[in-house]
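# What the coordinates show
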Amino acid sequence: MNNRKRNLYILSVMVIILIAALMTACKTEDITKRAENEEKLLKAMTEYPGNSLYDPAETVIGLDAPEPTEEELAEAEQRATEEKEAWQKAVGGCFADGMFDTFYKEWFRTEYLGVAQANGLETVVTSFGIEDDASQDSDNIEHALITVIATDKDGAAKSFDMDWQIIFDKDDTDLIQKVELTDDGGLYEAYQDGE
């Protein structure tokens, strides 16, 4: 009987070890923080007036335009520094080490904020979702899909489904390496003529 209890004990321990090993192997990646970072970033780039991250200074250039003074140049440089600091504060923590500066130079960072501002629109993200990128062999690429509603001064609203490719850091999967626009859902085209 002693042998039987010992064998049962050994079998129980082995089953527990096997279950623990299987649970570890089946562990899924928690993408909650990365999704929060992606949503925060995409809202900053598409919602207007949003966080007030977009307030362009108007500059007049041309043959008869006066040269800017030293003071005006200093003010413009100070304003550019303050804008970058505001973006850093708002979304800098979403990026892997050193990647915020690369993002900050991208044209699409303010493209849709500019479209909204120029056309008197209020834009808001109404849905956010994530899909794996099946077309890539890489395991650190996914698509963030958002719906942006643009409402004009008269209350007329249009909906646009946008697709952004997100490359996230392999070492810290919560952080973004790069974001690229895949499809703006026709938003730019809908308002390019100031409709």
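Everything below is about the structure shown above.
First, a word on what this report is: a plain description of the structure on this page.

Procedures and definitions
- Residues numbered from 1 in each chain as written.
- Predicted model: local features only at pLDDT ≥ 70, side-chain atom pairs only at ≥ 80, totals over all residues.
- Heavy atoms only, no water.
- Core = buried A, V, L, I, M, F, W, Y, C linked by side-chain atoms within 4.5 Å.
- Buried < 20%, exposed > 50% of the residue type's maximum accessible area, 1.4 Å probe, protein only.
- Helix = DSSP H or I, 4+ residues; strand = E, 2+ residues; numbered from the N terminus.
- Pairing = 2+ DSSP bridges.

Now for the nonpolar core. If you look at the biggest cluster of nonpolar residues, it comprises 34 residues, and the most contacted ones within it are Met45, Trp87, Val91, Phe103, Trp164 and Val179. Of all elements in the fold, only α2 (32–46), α3 (70–91), α4 (99–104), α5 (108–118), β2 (141–151), β3 (157–168), β4 (176–183) and α6 (187–191) reach the threshold of two or more residues within this core. The dominant element in this core, judged by the number of residues it contributes, is α5, at 5 residues.

Leaving glycine out, the prevailing phi sign among residues is negative, and the prevailing peptide bond configuration is trans. Cis geometry marks the peptide bond from Tyr48 to Pro49; its omega dihedral reads 5°. As for its placement among the helices and strands, Pro49 is situated in the loop between α2 and α3. Despite not being glycine, Ser52 has its phi angle at roughly 60°, a positive value. Relative to the assigned elements, Ser52 resides in the loop between α2 and α3. By relative accessible area, Ser52 is classed as exposed at 58%.

The next subject is the pairing of β3. Two elements, β2 and β3, share 11 bridges in a ladder whose sense is antiparallel. Counted as the bridge partner of Ile149 is Ser159 from β3. Counting the residues that bridge the hairpin from β2 to β3 gives 5 residues, and of these Gly155 lies at a positive phi of roughly 90°. As paired elements, β3 and β4 share 6 bridges and run antiparallel to each other. Paired with Trp164 across the strands is Leu181, a residue of β4.

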